[in-house]
Amino acid sequence: ATALVGSLADKWRPLTIAIFICAGALGVAAAPLLITRLVNAQGLRATAWLFVPTVPIFVVALLAYRACRRLPRPQIETHSKANGLRESIFSRPMILLFILSTSRSFALIVSFSGMSFLMREKIADNSQALLTTGTTLCLFGLAMGFGGLLSGFLLRPELEKRGIIISLIIAGPLLAAFPLLSGGWLLVVITLAGV
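Quick caveat, the model's predicted, so the values are computed rather than measured. (Residues numbered from 1 in each chain as written. Predicted model: local features only at pLDDT ≥ 70, side-chain atom pairs only at ≥ 80, totals over all residues. Heavy atoms only, no water.)

Quick look at helix α8 (residues 183–194)
An α-helical turn contains 3.6 residues, so a residue and the one three or four places further along point in the same direction.
Thought 1: Relative to the 16 Å expected for twelve residues at 1.5 Å per residue, α8 spans 17 Å between its end C-alpha atoms, a close match to the ideal helical length.
Thought 2: Considered for burial, the residues of α8 that qualify are L186, V189, I190, A193 and G194. What you see down the axis of α8 is that its buried residues fit within an arc of 130°, all on one side. Looking at α8, the residues exposed on the side facing more than 90 degrees away from the buried face are W185 and L192.
Thought 3: Considering only its buried residues, α8 is in contact with α5 (92–122), α6 (126–154) and α7 (160–177). (Helix = DSSP H or I, 4+ residues; strand = E, 2+ residues; numbered from the N terminus. Expected span 1.5 Å × (residues − 1). Buried < 20%, exposed > 50% of the residue type's maximum accessible area, 1.4 Å probe, protein only. Arc of directions from axis to C-beta. Contact = heavy atoms within 4.5 Å.)

Okay, structure coming up:
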């Protein structure tokens, strides 16, 4: 999906991808806020109703698929052979991309999961812990979306690699400080780490 979005606007590719990622981060941010409120009000069984929105999403995806099939297909170079494809998939840049993407996703899921458990430990009242966890995870997701959008506006193509590396170097210590903090400082650090 990211590749398709990037191909839609060559001139504005970084900004287009940043908007796409920001929209995804808004979904990631909304989910914990919605789920924690629902569970707090109705209990865990109520989460079964969260599958209902998948029906219209499926219908929209099906209609989009049918519409895309009618679009003209891009010309693909026919001279690439299976051997060339195999070499490009196992090339150093592709392996590095795979490792970095996996590590980033792992760190993100660990952060989200770890925050949930740590919030439960920090707050004795179950109901308050649940609501605070939802708010904290929502704030983290919103900050990630905002940071991605901001990078699309600010980072020029020649600075993309440096910007990604610097942002990851800054985010690491901020996320590591999370268990040591509480109150307003915790929210400030989470916001900065997300951005």
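Focus on the environment of G147
Thought 1: When you line up the elements, G147 lands in helix α6.
Thought 2: On the accessibility criterion, G147 (9% relative accessible area) is buried.
Thought 3: Considered as a pair, G147 and A18 are 129 residues apart in the sequence and their alpha carbons are 9.0 Å apart.

Quick look at α7
Thought 1: The terminal C-alpha atoms of α7, which comprises 18 residues, lie 26 Å apart, in line with the 26 Å expected from a rise of 1.5 Å per residue.
Thought 2: Within α7, burial applies to G163, A171 and L174.
Thought 3: On its buried face, α7 is in contact with α8.

Structural notes on the nonpolar core
Thought 1: Of all hydrophobic cores here, the largest spans 14 residues; its most connected members are F112, M115, M119, F140, F178, L186 and I190.
Thought 2: Of all the elements in the fold, those that place two or more residues in this core are α5, α6 and α8.
Thought 3: Apart from residues lying up to four places away in sequence, I190 is in contact with M115, T136, F140, L175 and F178. (Core = buried A, V, L, I, M, F, W, Y, C linked by side-chain atoms within 4.5 Å.)

Considering the side chain of T36
Thought 1: Residue position: T36 is located in helix α2 (residues 13–42).
Thought 2: At 2.7 Å, the side chain of T36 and the backbone oxygen of P32 are in polar contact.
Thought 3: Among residues more than four places away in sequence, those in contact with T36 are L130, L131 and G134. (Polar contact = N/O pair within 3.5 Å; in protein donor to acceptor, adjacent residues only side chain to side chain.)

Examining the packing of aromatic side chains
Thought 1: Applying the stated rule across the entire model yields one aromatic pair.
Thought 2: Measuring from ring centre to ring centre gives 5.3 Å for F112 and F140, while their planes differ by 55°; the resulting arrangement is tilted. With F112 in helix α5 and F140 in helix α6, this residue pair connects regions lying 28 residues apart in the sequence. F140 matches F112 in its accessibility class, with the two residues each being buried. (Phe/Tyr/Trp six-rings, centres within 6.5 Å; stacked < 30°, edge-to-face > 60°.)

Quick word on a nonpolar patch on the surface
Thought 1: A cluster of nonpolar side chains, V55, F58, V59, L62, L63 and Y65, forms an exposed patch at the surface whose accessible area comes to about 610 Å².
Thought 2: Among the secondary structure elements, L63 is positioned in helix α3 (residues 54–69). (Patch = residues over 30% accessible without salt bridge, like charges linked within 9 Å, V, L, I, M, F, W, Y side chains within 5 Å. Areas by Shrake-Rupley, 256 points an atom, 1.4 Å probe, with all protein chains shown as cover. Salt bridge = Lys/Arg side-chain N within 4 Å of Asp/Glu carboxyl O.)

Details of the side chain of T133
Thought 1: Along the chain, T133 falls in helix α6.
Thought 2: On the accessibility criterion, T133 (9% relative accessible area) is buried.
Thought 3: Discounting residues that sit within four places of it in the chain, T133 has contacts with S116 and M119.

Regarding the packing of α6 against α8
Thought 1: Axis separation between α6 and α8 bottoms out at 7 Å; the angle between their running directions is 35°. Helix-helix and strand crossings are classified by hand; for α6 and α8 the assignment is right-handed. Where α6 abuts α8, its residues T136, L139, F140, A143 and M144 lie against L186, L187, I190, T191, A193 and G194.
Thought 2: Class assignment for the residues of the contact of α6 with α8 results in eight nonpolar, three polar and no charged. (Axes fitted to C-alpha atoms, helices over the stretch in contact; angles between N-to-C directions. Left-handed = near helix turned anticlockwise from the far one by under 90°. Nonpolar A, V, L, I, M, F, W, Y, C, P; charged D, E, K, R; others polar.)

Structural notes on the state of the cysteines
Thought 1: One pass over the structure, following the stated rule, counts zero disulfides.
Thought 2: With no disulfide of its own, C22 has C138 as its nearest cysteine by sulfur position, at a separation of 12 Å.
Thought 3: Classification of C22 by relative accessible area gives buried; the value is 11%.
Thought 4: By relative accessible area, which is 10% here, C138 ends up buried. (Disulfide = S-S within 2.5 Å.)

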